[in-house]
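Secondary and tertiary structure notes
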Amino acid sequence: MLPPFELLMPQTLPEALDMLGGYAPDALPVAGGTNLIPDMRGGKRTPGVVVNVAGLEELEGIRREDGYLVIGSGVTIAELLESSLIDEHAPVLRQAAEVFANPLVRNRATVGGNLGNASPAADAAPPLLVLDAEVKLVSAGESRWVPLEDFFVGVCDTICRHVELMAAIRTPVPAPGSFGRFRKLALRKSTAISVVSVAVQMTFNHAGRCEDVAIALGAVAPTPIRAYDAEAVLRGEALTPQVIEEATRSACDAARCIGDVRSSAGYRERVTGVLVRRLLEEVGAERGVESRE
Ligand SMILES: Cc1cc2nc3c(=O)[nH]c(=O)nc-3n(C[C@H](O)[C@H](O)[C@H](O)COP(=O)(O)OP(=O)(O)OC[C@H]3O[C@@H](n4cnc5c(N)ncnc54)[C@H](O)[C@@H]3O)c2cc1C
């Protein structure tokens, strides 16, 4: 059963921020409610006040602005799938949206809620990490952009203060010809939380060598993480089987897998290697096809 709480319905972002500030630390924002409401039912979160931020105009929309792709925190996963800007500039995020939960949840669940909940398995996190995303945190009279990597501090823990809301997420528009890939393994094909998820984003020079690369892993550490050592292995190299193998080993070394209801630690470690290797092989194959065209 839901514990008693007061539900506030602001009509604007400043109103929402005043409410959060006024009731801090006893107030929490709710967007789609697909994490917060189950958590409240289970007694994991017990805010006295819930501030509904769903539908606030200032948190909506996907746009291109000053070399960035800007995504409102209130954008739903379903809206990501409908966006031509996401198709064009962030296919890695689109791929994560395609395998996110199910259509019902995707219609409610927001990108801001996914990151704000800060599960190590949040599916929007690895794609946004490889796109070098920053999040805009706002409070009454203040705002700051923070690298997404610094936003997460632990399991379901972020640097977002009680008086703050995430207003938007931005990523530099990737260079043309950049390859993005996301893959998750879960216990079912839909409505399932990731056992492991992996995202890669890569660009190549004319000689076919990797110019820029980012690899991010979900559900293998207390927060979603970048695999920097694996990226260093790839930078400046062609995607040969030996290089892919070395990068895969390095990515596995970055993981700090634990066992839980979804998987043993050992299985997670193996799956991490399998997914990283497959994504790199796929990018290599696609890049090979492109360079012959
Ligand atoms: C059946 C089911 C299947 C699911 N499958 C997946 C899946 O495949 N992949 C996946 O990653 N997740 C999955 N989830 C989890 C959940 O749907 C997502 O994490 C979702 O994106 C949360 O968004 P929301 O808008 O519903 O967040 P809410 O529940 O509204 O909020 C989540 C948290 O973020 C905070 N928050 C919300 N908005 C803001 C904001 N603007 N600024 C700061 N903090 C904010 C809230 O206070 C709360 O702590 C699933 C959940 C269910 C119930």
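The following paragraphs examine the structure supplied in this document. (Residues numbered from 1 in each chain as written. Predicted model: local features only at pLDDT ≥ 70, side-chain atom pairs only at ≥ 80, totals over all residues. Heavy atoms only, no water.)

Here we come to the site of the ligand. Residues in contact with the ligand amount to 28 residues; listed here are only the nearest, Pro 29, Ala 31, Thr 34, Asn 35 and Thr 110. At 3.5 Å from an oxygen atom of the ligand is found a main-chain nitrogen or oxygen belonging to Asn 117. Protein contacts shield 89% of the accessible area of the ligand, which totals 980 Å² for the unbound molecule. Counting residues per element, the ones that place at least two in the shell around the ligand are β2 (27-30), α7 (111-117) and β10 (165-172). Broken down by element, the shell around the ligand gets its largest block of residues, four residues, from α7. Grouping the amino acids of the shell around the ligand by side-chain chemistry returns 14 nonpolar, eleven polar and three charged. (Near = heavy atom within 4 Å. Polar contact = N/O pair within 3.5 Å; in protein donor to acceptor, adjacent residues only side chain to side chain. Areas by Shrake-Rupley, 256 points an atom, 1.4 Å probe, with all protein chains shown as cover. Helix = DSSP H or I, 4+ residues; strand = E, 2+ residues; numbered from the N terminus. Nonpolar A, V, L, I, M, F, W, Y, C, P; charged D, E, K, R; others polar.)

As a further point, take the pattern of salt bridges. Opposite charge on two side chains lets them pair, provided their charged atoms get close. Overall, the coordinates contain 16 salt bridges when judged by the stated rule. Across the pair Glu 164 and Arg 161 runs a salt bridge whose closest N-O atoms are separated by 3.4 Å. By relative accessible area, Glu 164 is classed as buried at 3%. (Salt bridge = Lys/Arg side-chain N within 4 Å of Asp/Glu carboxyl O. Buried < 20%, exposed > 50% of the residue type's maximum accessible area, 1.4 Å probe, protein only.)

Counting residues in hydrophobic clusters, the biggest one holds 37 residues, and the most contacted among them are Leu 80, Val 111, Leu 115, Leu 128, Val 135, Leu 148 and Ile 169. Setting aside residues no more than four positions away along its own chain, Leu 148 makes contact with Leu 115, Ala 125, Leu 128, Leu 129, Ala 133, Glu 134 and Val 135. Of all hydrophobic cores here, the second largest spans 31 residues; its members include Ala 227, Val 233, Val 271 and Val 276. (Core = buried A, V, L, I, M, F, W, Y, C linked by side-chain atoms within 4.5 Å. Contact = heavy atoms within 4.5 Å.)

This part takes up the pairing of strand β4 (residues 62-65). Across a regular strand the side chains alternate sides, sitting on one face of the sheet and then on the other. As paired elements, β4 and strand β5 (residues 68-72) share four bridges and run antiparallel to each other. When the bridges of β5 are listed, Ile 62 appears paired with Ile 71. The antiparallel pairing of β4 with β5 creates a hairpin that spans two residues between the two strands, and Asp 66 there sits at a positive phi of about 50°. (Pairing = 2+ DSSP bridges.)

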